[in-house]
Amino acid sequence: MPATVLERYPIDVDRREQLPDILRVVTEDEQRYAVKRTTISLPHVWFIHKMLKYAQKQGFTRCSKLLMTKKKSPGVVYGGNVYYASEWIDGQPANFASAEHVAQTAYALAQFHEATRGFTSEKFVPEDAFDLLEMTKQRNRDLRQLLYRAEAMKDKDEFDQLFVSLKSALQDDAAESLQLLQQNECAAFLSHDKTHPGICHLDVIPGNCLYAPDHNVHLIDFELSTFAPRVLDMAHLLRRSLQVNNWSGDIAYACFLHFDTVKSIPKVEYRLVEALLKFPYRAWRLAHTRYNFFKDPAQIDDLLAYADQEARRQSFLKSFTAQVRSLSVGDD
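Quick caveat, the model's predicted, so the values are computed rather than measured.

## A closer look at the overall build of the protein chain
- Within the protein chain, the secondary structure is distributed over 12 helices and 10 strands.
- Taking 20 Å as the expected radius of gyration for a compact globule of 332 residues, we find that the protein chain reaches 21 Å, a close match to that expectation.
- With respect to the three principal axes, the spread of C-alpha positions in the protein chain is 60 × 55 × 35 Å.
- Sorting the 332 residues of the protein chain into buried and exposed places 50% on the buried side.
- In the protein chain, the proportion of contacts linking residues at least 24 apart, taken out of those at least 6 apart, comes to 75%.
- Side-chain charges in the protein chain split into 41 positive and 44 negative, and the spacing between the mean points of these groups amounts to 4 Å.

The structure is reproduced here in structure tokens:
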């Protein structure tokens, strides 16, 4: 971290500690900040700053504010790179195997989404993420191409063989996901939600959801955040927590309950979550990374874990589908 970057901020640095991806800075009066070099633009940093200020004005406090420079900017451009600093939050990465941590994460995400409704930005707006159907179509096409590439390989390794063996189940799940998203009520809900949208975090991983000593989860790292239906954050949290809990329905209950506490979940939202969970995201992402970017021995273990959980996953999805269908029309 260039010293020049820190000099742009109105703080007196006492000590600094390099951590993975960030620099922790402690001032002479014991204030602490996280300083990060980012790949997003300065206008994008401004978007995040204004969005967080708006959310805080609406009462959302489970996040840290960005620190302004001496020239009243939320970021620094230096040496062709962009940096920003935010208040340090004490906490540990959320444990998605814990129902309590999942519940508090769900509550924070739901509150954030509602607190950002009404926010507007004139100078910079990231692309929204409301077209779930097109997103899933693209992933479906990519999945088919990846399977074709794996099948065409002459010397298949363990990953290739396992991936091809899962072909039928993967394609069936992807097709069912598309079928659900093509329902008229899903399109109508997303279209209406887009008229007064909230913002989703879209990077729901344990390291971005800090479980603090006050037993609340605080959100950090909003670089992927954009206007989107909250089912994306809901599905991201569910998928990751279900994987580490071997697709136990109890963890899903904790997630849904706390989203519903902030804003009631209508039947159509459950349908959208069902569609997103139905798509074989984990297997697709592993293959997409392996065949397009790099090979890693851990990918084989991860795909084996996906295959080992497949029976539990299908059992959960079957039960979830039945519960969604049992909801009355009035729940829409």
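## Things to note about the sheet that holds strand S2 (residues 22-27)
- The strand order across the open sheet built from 5 strands is S1-S2-S3-S5-S4, with neighbouring strands paired in antiparallel fashion. The open sheet has two edge strands with one neighbour each: strand S1 (13-19) and strand S4 (76-78). The mean angle between the axes of side-by-side strands here comes to 25 degrees, regardless of whether they run parallel or antiparallel.
- Where S4 and strand S5 (residues 81-87) come together, 3 bridges link them in antiparallel fashion. Residue pairing across strands places Val77 opposite Val82, the latter belonging to S5.
- Sheet contacts for helix H2 (residues 42-57): strand S3 (32-38), S4 and S5; angle to S5, the most-contacted strand, approximately 15 degrees.

## Description of the environment of Pro197
- You can see Pro197 is positioned in the loop between helix H7 (184-193) and strand S7 (199-200).
- With a relative accessible area of 17%, Pro197 lands in the buried category.
- In this structure the C-alpha to C-alpha distance between Pro197 and Tyr107, which are 90 residues apart in sequence, comes to 18 Å.
- If sequence neighbours within four positions are ignored, Pro197 has contacts with Thr116, Arg117, Gly118, Phe130 and Phe227.

## Some details on the pattern of salt bridges
- Tallied over the entire structure, the rule returns 19 salt bridges.
- Put simply, Arg24 and Glu17 hold a salt bridge, and the shortest N to O gap is 2.6 Å.
- Given a relative accessible area of 35%, Glu17 falls into the partly exposed group.
- Between Lys278 and Glu176 there is a salt bridge; the shortest N-O distance is 3.6 Å. Separated by 102 residues along the polypeptide, Lys278 in helix H10 (residues 267-278) and Glu176 in helix H6 (residues 167-181) bring together distant segments of the chain.
- Taking the relative accessible area as the measure of exposure, Lys278 reaches 10% and is therefore buried.
- Because the salt bridges share partners, they merge into one network encompassing Asp173, Glu176, Lys278, Glu310 and Arg313.

## With respect to the side chain of Arg230
- Note that Arg230 resides in the loop between strand S10 (226-227) and helix H8 (231-244).
- According to the relative accessible area criterion, Arg230 is buried, its value standing at 3%.
- Within polar-contact distance, the side chain of Arg230 engages the backbone oxygen of Phe259 at 3.3 Å.
- A polar contact of 3.0 Å, which involves the side chain of Arg230, links it to the side chain of Glu269.
- With near-sequence residues (within four places) excluded, Arg230 lies in contact with His113, Cys200, Phe259, Lys263, Ser264, Ile265 and Glu269.

Thresholds, definitions, all that
- Residues numbered from 1 in each chain as written.
- Predicted model: local features only at pLDDT ≥ 70, side-chain atom pairs only at ≥ 80, totals over all residues.
- Heavy atoms only, no water.
- Helix = DSSP H or I, 4+ residues; strand = E, 2+ residues; numbered from the N terminus.
- Rg over C-alpha atoms; globule rule 2.2 N^0.38 Å.
- Buried < 20%, exposed > 50% of the residue type's maximum accessible area, 1.4 Å probe, protein only.
- Contact = heavy atoms within 4.5 Å.
- Lys, Arg positive; Asp, Glu negative; His and termini not counted.
- Charge placed at Lys NZ, Arg CZ, Asp CG, Glu CD.
- Pairing = 2+ DSSP bridges.
- Axes fitted to C-alpha atoms, helices over the stretch in contact; angles between N-to-C directions.
- Salt bridge = Lys/Arg side-chain N within 4 Å of Asp/Glu carboxyl O.
- Polar contact = N/O pair within 3.5 Å; in protein donor to acceptor, adjacent residues only side chain to side chain.

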